[in-house]
Amino acid sequence: MSFDPTLRDRLCEIEPRNPLLRERYVKELEAMFEAKLSLPMKVFLGVVTVASIAIALFLGGSAVTHGELPVAARAGLFAGVVFALAWAGLTAWSLRRGSILLRIQPPAMAALLWVFAVLMDTCFLVLAPGFPDHFHALVMLFVGLATLIGAGVFMIGINIQQASLRTQESLLRLEYRLAEIAESEVKKP
Amino acid sequence: VRRTAEAIYQELLALRCGRGEKAAFEELVQLWEKRLLYFIRRLVDNEQDSWDVLQQTWLRVISGIGRLREPASLGPWLYRVARHAAFNHGEVKANYRRLLDDYQASTAASCQEIADRETFENAEQLHRGLVQLPVPQREVLTLFFLEDFSIDEIASVLDVPPGTVKSRLHHAKKALRVLLGKGE
């Protein structure tokens, strides 16, 4: 005798399930993707939002008022403004929802930090040759290069992995469709 | 060997979950919740603990599915995760070990090939019979009836050699037949 999926379904239906326990389980399952903000966390995020906006204003103001700064330095300051505003946007979004979307926000924050680190290191690399102190300029160059190479390797690795998963997924979708067609053909009289 | 659409769908689902697609995870829960709960209930004594174990199972699945090396083996992997979650809950593992020792002492030899699936069509009788079996027999037989797994796949869930699965299945079916008044 071959495997009988209806027996499985019938067995599962027999299993008694307390609706109250199931309701609690469903709530906890939903909470796995969304972390509700406690009051201290809301206060903390509020402070972070205000501080990020203040930093954006300060950096933007500095970039505009200090016309004597080199272009790369001012570009760095503007990058800081964008980063601070993006950070403020993310935290304000969490505050508005009253929760953190665990699948979206922490990766977005990590990506933001990665972009910021790359931008800052690029600025250091551009500014280093103009430093009067050659030793510190050299240290900045090495640290900047090492960070950029590391970040580049990380990004390439992630992209290769994602591309491989997407290809695998596309092939599987195709195989699935073919299997469905084949199975429907077999069922035809 | 040509795979069924169902098997391909499961593999695709595992991949989509691995990529962090929330809708795929919801599909996964909908598809597997009842069977995993049924399996967990055969290992854990009370219902409240079973729901807690099921929740723990999903937590582990969320964090581990991205690292699943063979998405095609999603089913056995889910049962393995559920079993580990159950064993980490309260006294389940200690009780299981004790039962396993007693069980091994009582069924030392005979290991026959599981040639065919038997007809156990009355689900209610089967359910009652399963409850009365010792846990090592109960879990192997539950997997046997819930899924179309090979002996090797059941062995991978239970973390025992395939020969042990065959032996346990043989004894479990024999015991079940006696309980259901069908056999020797």
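Residues numbered from 1 in each chain as written. Chains lettered and ligands numbered in written order. Predicted model: local features only at pLDDT ≥ 70, side-chain atom pairs only at ≥ 80, totals over all residues. Heavy atoms only, no water.

(A) Broad picture of the interface of chain A and chain B. Chain A puts 36 residues into the contact, and the matching count from chain B is 47 residues. Interface area, chain A with chain B, both sides summed: about 4200 Å², of which 65% is carbon and sulfur. For the pair chain A and chain B, the interface holds 7 salt bridges. A salt bridge links Glu 13 of chain A to Lys 34 of chain B; its shortest N-O distance comes to 2.8 Å. Of all the secondary-structure elements, those providing two or more residues to the side of chain A that touches chain B are α1 (5-14), α2 (19-31) and α6 (134-187) of chain A. The element contributing the most residues to the side of chain A that touches chain B is α6 of chain A, with 13 residues. A class-by-class count of the residues in the side of chain A that touches chain B yields 17 nonpolar, 4 polar and 15 charged. (Contact = heavy atoms within 4.5 Å. Buried area = accessible area lost by both parts, 1.4 Å probe. Salt bridge = Lys/Arg side-chain N within 4 Å of Asp/Glu carboxyl O. Helix = DSSP H or I, 4+ residues; strand = E, 2+ residues; numbered from the N terminus. Nonpolar A, V, L, I, M, F, W, Y, C, P; charged D, E, K, R; others polar.)

(B) The arrangement of empty space enclosed by the protein in detail. This model, assessed by the stated rule, comprises 2 cavities of 30 Å³ or more. For the second largest cavity, the calculated volume is near 40 Å³. If you trace the second largest cavity, you find it lined by Phe 33 and Arg 103 of chain A together with Cys 17, Gly 20, Glu 21, Lys 22, Phe 25, Ile 62 and Ile 65 of chain B. In the lining of the second largest cavity, the residues fall into 5 nonpolar, 1 polar and 3 charged. (1 Å grid on protein atoms, 1.4 Å probe; cavity = no way out; pocket = protein on both sides within 12 Å on 5 of 7 lines; lining within 4 Å. Points joined across faces, edges and corners; volume = space filled by probe spheres on them.)

(C) Spotlight on the side chain of Glu 147 of chain B. Here Glu 147 of chain B shows up in the loop between α7 (135-146) and α8 (151-158). The exposure class of Glu 147 of chain B is buried, given its relative accessible area of 4%. Here the side chain of Glu 147 of chain B touches Arg 8 of chain A through a polar contact of 3.0 Å, side chain to side chain. Here Arg 35 of chain B takes part through its side chain, which lies 2.9 Å from a polar atom of the side chain of Glu 147 of chain B. (Buried < 20%, exposed > 50% of the residue type's maximum accessible area, 1.4 Å probe, protein only. Polar contact = N/O pair within 3.5 Å; in protein donor to acceptor, adjacent residues only side chain to side chain.)

(D) Looking closely at the layout of surface pockets. Residues and elements named next belong to chain A. A volume near 800 Å³ is recorded for the largest pocket. The element contributing the most residues to the lining of the largest pocket is α6, with 7 residues. Tallied by class, residues from the lining of the largest pocket come to 16 nonpolar, 7 polar and 3 charged.

(E) Examining the packing of aromatic side chains more closely. All names here are of chain B. For the coordinates displayed, the defined rule picks out 9 aromatic pairs over all chains. Geometrically, the ring pair formed by Phe 25 and Trp 58 is edge-to-face, given 5.8 Å between the ring centres and 85° between the ring planes. One end of the pair, Phe 25, is in helix α2 (residues 22-41); the other, Trp 58, is in helix α3 (residues 47-64), with 33 residues separating them in the sequence. The burial state of Phe 25 is the same as that of Trp 58; both residues are buried. Over the ring of Trp 32 we find Arg 35; its NZ or CZ atom is 4.1 Å from the centre of that ring. (Phe/Tyr/Trp six-rings, centres within 6.5 Å; stacked < 30°, edge-to-face > 60°. Lys NZ or Arg CZ within 6 Å of the ring centre and 35° of its normal.)

(F) Up close: the packing of α1 of chain A against α2 of chain B. Running from amino to carboxyl end, α1 of chain A crosses α2 of chain B at an angle of 65°, the nearest separation of the two axes being 9 Å. Regarding the angle of α1 of chain A to α2 of chain B, the classification is roughly perpendicular. The handedness of the crossing between α1 of chain A and α2 of chain B comes out as left-handed. Note on element contacts: α2 of chain B touches α1 of chain A through Lys 34, Arg 35 and Tyr 38 of chain B, opposite Arg 8, Leu 11, Cys 12 and Glu 13 of chain A. (Axes fitted to C-alpha atoms, helices over the stretch in contact; angles between N-to-C directions. Parallel < 35°, antiparallel > 145°, perpendicular 65-115°, else oblique. Left-handed = near helix turned anticlockwise from the far one by under 90°.)

(G) View of the nonpolar core. With 66 residues, the main nonpolar core has Leu 28 and Trp 58 of chain B as its most contacted residues. In terms of residues, this core owes the most to one element, α2 of chain B, which gives 10 residues. Beyond its immediate chain neighbours, meaning those up to four positions away, Leu 28 of chain B contacts Leu 13, Cys 17, Glu 33, Trp 58, Val 61, Ile 65, Leu 74 and Leu 78 of chain B. Counting residues in each nonpolar core, the second largest holds 7 residues, with Leu 165 of chain A together with Ala 5, Ile 8 and Leu 15 of chain B among its members. (Core = buried A, V, L, I, M, F, W, Y, C linked by side-chain atoms within 4.5 Å.)

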